[in-house]
Amino acid sequence: MRTLSLAIAATALSLASVVAASAVELKPLKANSVDLGSYRGSVYYTAEKDGYRVVATLAAQNGHSDQPQVVRLVTTLNADQTVQLSVPGSIGADGRDATIAFSRRGDVVEVASAE
């Protein structure tokens with residue numbers, strides 16, 4: 001089972017782990033660290049008039065490039081919507097993609113492993 005870790009630094013952040021069957025609630029305007037193995041970055045959301053705007057930015061964690069590959073997802077979630085983000089697995093490891101899901105249930109936005 002893969003584990004997805006979400007960390008929020010001590011100044012304005014706290015630490016939580018997401019396993020395949022669980023989810024972690026995001027708080028508005030609070031950046032959370034996301035670790036998908038070969039990609040790491042942050043995610044946050046803001047409440048907008050047309051829904052909750054989720055922004056996830058991840059960079060490839062490989063030492064073979066001076067310019068890391070960066071992936072950004074920007075989406076607006078309305079009530080009871082989910083969006084998934086997949087990144088490729090590492091070459092030489094198990095090679096499987098890592099996928100997380102951002103879901104809005106009422107006024108709550110959650111992130112969980114989608115595997």
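Preceding this section is the structure that the text describes.
Residues numbered from 1 in each chain as written. Predicted model: local features only at pLDDT ≥ 70, side-chain atom pairs only at ≥ 80, totals over all residues. Heavy atoms only, no water.

(A) The arrangement of the overall build of the protein in detail. The helix and strand inventory of the protein stands at zero helices and ten strands. Secondary structure elements of the protein, listed N to C terminal, follow the sequence β-β-β-β-β-β-β-β-β-β. Within the protein, buried positions represent 34% of all 115 residues. Sequence-distant contacts, at least 24 apart, represent 36% of the contacts inside the protein between residues at least 6 apart. As presented, the protein carries roughly 6,700 Å² of accessible surface, and 49% of it is formed by carbon and sulfur atoms. (Helix = DSSP H or I, 4+ residues; strand = E, 2+ residues; numbered from the N terminus. Buried < 20%, exposed > 50% of the residue type's maximum accessible area, 1.4 Å probe, protein only. Contact = heavy atoms within 4.5 Å. Areas by Shrake-Rupley, 256 points an atom, 1.4 Å probe, with all protein chains shown as cover.)

(B) The arrangement of the sheet that holds strand β3 (residues 24-26) in detail. One open sheet holds the four strands; their spatial order is β3-β10-β9-β8, and the pairing between them is antiparallel. Each edge of the sheet is formed by a strand with only one pairing partner; in this case those strands are β3 and β8 (81-87). Between one strand axis and the next, the sheet turns through 25 degrees on average, direction left out of account. Judged from the seven bridges that link them, β8 and strand β9 (residues 98-105) form a sheet pairing that is antiparallel. Of the residues in β9, the one forming a bridge with Q84 is A101. (Pairing = 2+ DSSP bridges. Axes fitted to C-alpha atoms, helices over the stretch in contact; angles between N-to-C directions.)

(C) Looking closely at the environment of E25. Along the polypeptide, E25 turns up in strand β3. Looking at E25, the relative accessible area reads 39%, which means it is partly exposed. Non-local contacts of E25, meaning those with residues more than four positions away in its chain, are made with V108, V109 and E110. Within polar-contact distance, the side chain of E25 engages the side chain of K27 at 3.1 Å. (Polar contact = N/O pair within 3.5 Å; in protein donor to acceptor, adjacent residues only side chain to side chain.)

(D) The arrangement of unusual backbone geometry in detail. Although it is not a glycine, L29 sits at a positive phi angle of roughly 60 degrees. Structurally, the position occupied by L29 is in the loop between β3 and β4 (32-35). The backbone phi angle of D80 is positive, close to 60 degrees, even though this residue is not glycine. Note on placement: D80 falls in the loop between β7 (70-77) and β8.

(E) Geometry of the pairing of β9. Counting buried positions along β9 yields seven of eight residues, so the element is predominantly enclosed. Inspection of the sheet shows β9 paired to strand β10 (residues 108-113) by six bridges, in the antiparallel sense. Considered in β10, the bridge of I100 is made with S113. Counting the residues between successive antiparallel strands, the hairpin from β9 to β10 contains two residues, one of them, G106, with a positive phi of roughly 65 degrees.

(F) Quick look at the packing of aromatic side chains. Tallied over the entire structure, the rule returns one aromatic pair. Ring geometry for Y45 versus Y52: centroids 5.2 Å apart, planes at 25 degrees, classification stacked. Assessed through its relative accessible area of 4%, Y45 is described here as buried. We classify Y52 as buried; its relative accessible area is 11%. In this structure, R104 packs its charged tip against the face of Y52, placed 3.8 Å from the ring centre. (Phe/Tyr/Trp six-rings, centres within 6.5 Å; stacked < 30°, edge-to-face > 60°. Lys NZ or Arg CZ within 6 Å of the ring centre and 35° of its normal.)

By themselves, these figures tell us nothing about what the structure is for.
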